[in-house]
Amino acid sequence: MILQPVETFVLPTPAGPMNTQVFRPAAEGRFPGIVLFSEIFQITAPIARTAAFLAGHGFVVAVPEIFHELEEPGCVLAYDQAGADRGNQDKITKTVQSYDDDARAVIDLLLAHPGCDGNIGTLGICIGGHLAFRCAMNPPIKAGVCFYATDIHKGSLGEGMKDNTLARVPEIKAEMMMIFGRQDPHVPREGRRIVYDAMSDAGLNFTWHEYNGQHAFLRDEGHRYDPEVGHECLSQAVALFRRCLRGGAGPAVNAGVMSKH
């Protein structure tokens, strides 16, 4: 599907203005929305391409600058050690409340956007996977996809490195898709088990996918990129969003496990 030129909105938040880019189809009509949360490097070229991929499948995709109160508007951190160090420092400088306020602001943007039909999901990558997980605690969210979400198992998001994500798992009513790489040192097997058990204990409607892949296997730059697995995962994400945002999520089902060897 052909896309409109990217729109940039400046959203008010309690912590200050937040640039948010919106990718959407050029076709007439209204489409479901997706809140897309980036890695710690903000809206890089791989993140923009992921947003364009989703928009090309018939969604209005809003991508906020997750560190807007700490970095200059338009800031993109480099995929190097200095960029990682800066992003990781921003991650624990920002408050958890500010992350949640940002999510609500982007949801409100999509609800008011003339190209969005009001059915909304969320997708996130790395820290963005954690932010998408928390975003799914908002009632408007009907489906969520989290790529190797960091820090959930440790409760170490935000200022003080002490978040309440695990305690709030029962608030999620969306159907969730959790995706991990088995060789990811940021979310080891023991950490994945903590998240899986918390979601199962809360009776969430979710599927669980583990691949032989490293951290950042979805990012289409660098040696860790796995095109085959990345394509499969994005295809499953699109299928989930199409079913939940266009046809209704249906009744809750038992948690599922899917593995790729």
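These figures come from a predicted structure and were not determined experimentally.

**Comments concerning the overall build of the chain**
Link 1 in the chain: Of regular secondary structure, the chain possesses 6 helices and 9 strands.
Link 2 in the chain: Here the chain has a C-alpha radius of gyration of 17 Å; the compact-globule value for 261 residues is 18 Å, and the two agree.
Link 3 in the chain: Each principal axis of the C-alpha atoms in the chain carries an extent, and together these give about 45 × 40 × 35 Å.
Link 4 in the chain: Within the chain, contacts between residues at least 6 apart in sequence are counted, and of these 72% link residues at least 24 apart.
Link 5 in the chain: Of the side-chain charges in the chain, 23 are positive and 30 negative, and the distance between the mean point of each set is 5 Å.

**What to know about helix α1 (residues 45-56)**
Link 1 in the chain: The end-to-end C-alpha distance of α1 is 16 Å, a good match for the 16 Å that 12 residues give at a rise of 1.5 Å each.
Link 2 in the chain: Listed as buried for α1 are Pro 46, Ile 47, Thr 50, Ala 51, Leu 54, Ala 55 and Gly 56.
Link 3 in the chain: In this structure, the buried side of α1 is in contact with β2 (18-23), β3 (31-37), β4 (60-64), β5 (116-125) and α6 (227-246).
Link 4 in the chain: At the C-terminal side of α1, Gly 58 shows a positive phi close to 100 degrees.

**Some details on the packing of aromatic side chains**
Link 1 in the chain: Scanning the entire structure with this criterion turns up 9 aromatic pairs.
Link 2 in the chain: Note on Tyr 196 and Phe 206: the rings are 5.6 Å apart at their centroids and 75 degrees apart in plane angle, and the pair reads as edge-to-face. One end of the pair, Tyr 196, is in helix α5 (residues 189-201); the other, Phe 206, is in strand β8 (residues 206-211), and 10 residues separate them in sequence.
Link 3 in the chain: Summarising the aromatic geometry, the rings of Tyr 196 and Trp 208 are spaced 5.2 Å apart at their centres and angled 85 degrees between planes, so their arrangement reads as edge-to-face.

What counts, and where the lines are drawn
Residues numbered from 1 in each chain as written. Predicted model: local features only at pLDDT ≥ 70, side-chain atom pairs only at ≥ 80, totals over all residues. Heavy atoms only, no water. Helix = DSSP H or I, 4+ residues; strand = E, 2+ residues; numbered from the N terminus. Rg over C-alpha atoms; globule rule 2.2 N^0.38 Å. Contact = heavy atoms within 4.5 Å. Lys, Arg positive; Asp, Glu negative; His and termini not counted. Charge placed at Lys NZ, Arg CZ, Asp CG, Glu CD. Expected span 1.5 Å × (residues − 1). Buried < 20%, exposed > 50% of the residue type's maximum accessible area, 1.4 Å probe, protein only. Phe/Tyr/Trp six-rings, centres within 6.5 Å; stacked < 30°, edge-to-face > 60°.

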